[in-house]
Amino acid sequence: RAIIHHPQVLAIGVGCERGTTAAEVKTLIAETLRSHGLSPHAVACHASIDAKQDEPAIASLPQARFFTAEELRRETGRICSSAMRR
């Protein structure tokens, strides 16, 4: 027996077309995590732009957080730098 600890360190950026079902979004997230060997237990939040707050598929995600365009723009350097190291 073993204990596996998954610290919640992942933030998943989510966007979708209007009317996308929650099942589609959740399936895509699960498949993406699985294909990269990441645990869904390591997800700290699901993030999107505030214009999507009323989109049921995104709002239904656990720990959904919404940011203004300006907030996202301020993080661009940090986010892009992290993505480029992979």
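Residues numbered from 1 in each chain as written. Predicted model: local features only at pLDDT ≥ 70, side-chain atom pairs only at ≥ 80, totals over all residues. Heavy atoms only, no water.

Regarding the overall build of the protein
Rules: Runs of H or I in DSSP of at least four residues are treated as helices and runs of E of at least two as strands, each being numbered from the N terminus. To sort residues, take the accessible area from a 1.4 Å probe on protein chains only and compare it with the maximum for the residue type: under 20% means buried, over 50% means exposed, and anything in between is partly exposed. Only heavy atoms matter for contacts: two residues are in contact if any of them lie within 4.5 Å across the pair. Accessible surface area values rest on a Shrake-Rupley calculation with a 1.4 Å probe, where residue burial reflects the displayed protein chains alone. For the charge count, each Lys or Arg is scored as positive and each Asp or Glu as negative, with His and the chain ends excluded. The atoms used to mark charge sites are NZ of Lys, CZ of Arg, CG of Asp and CD of Glu.
Across its full length, the protein carries 3 helices and 3 strands. Its helices and strands taken in sequence order, the protein reads β-α-β-α-β-α from the N to the C terminus. C-alpha atoms of the protein, sized along the principal axes, occupy 45 × 30 × 20 Å. Each of the 86 residues in the protein was classed as buried or not, and the buried ones make up 23%. Of all intrachain contacts in the protein linking residues separated by at least 6 positions in sequence, the fraction that spans at least 24 positions is 56%. When the accessible area of the protein is evaluated, it comes to approximately 6,400 Å², of which 57% is carbon and sulfur surface. Here the protein carries 11 positive and 9 negative side-chain charges, and the mean point of each set is 9 Å from the other.

Thoughts on the pattern of salt bridges
Worth spelling out the cut-off: When a carboxyl oxygen of Asp or Glu lies within 4 Å of a side-chain nitrogen of Lys or Arg, that pair is called a salt bridge.
For the structure on display, the rule yields 3 salt bridges. As a salt-bridge pair, Arg73 and Glu70 come within 3.3 Å of each other at their nearest N and O atoms. Of this pair, Arg73 and Glu70 both sit in helix H3 (residues 69-84), 3 residues apart, which is roughly one turn of the helix. Exposure remark for Arg73: the relative accessible area of 53% places this residue in the exposed category. Using a relative accessible area of 38% as the deciding quantity, one classes Glu70 as partly exposed. Each of Arg18, Asp54 and Glu55 takes part in salt bridges that share partners, so that together they form one network.

Topic: the nonpolar core
Note the cut-off: Definition of nonpolar core: a set of buried residues of the types Ala, Val, Leu, Ile, Met, Phe, Trp, Tyr and Cys, connected through side-chain atoms within 4.5 Å.
In terms of nonpolar packing, the biggest core is built from 10 residues, these being Ile12, Val14, Cys16, Val25, Ile29, Leu33, Val43, Ala57, Ile58 and Leu61. Looking at this core, the elements that each hand over two or more residues are helix H1 (22-35) and helix H2 (56-59). Counting residues per element, this core draws most heavily on H1, at 3 residues.

Brief notes about the pairing of strand S2 (residues 43-49)
Counted only if it meets this: Strand pairing follows a simple DSSP-based rule, namely that at least 2 bridges must link the two strands.
Taken across its 7 residues, S2 has 5 buried, putting it largely inside the fold. Looking at chain direction, strand S1 (residues 10-13) and S2 are connected through 4 bridges and run parallel. Residue pairing in the sheet places Gly13 in a bridge with Ala47 of S2.

Some points on the environment of Cys45
Position of Cys45 among the secondary structure elements: in strand S2. Exposure remark for Cys45: the relative accessible area of 11% places this residue in the buried category. Residues Cys45 and Arg65, 20 residues apart in the sequence, show an inter-C-alpha distance of 6.8 Å. Apart from residues no more than four positions distant in its own chain, Cys45 is found in contact with Leu10, Ala11, Ile12, Gln63 and Arg65.

Read these as spatial facts, not as claims about activity.
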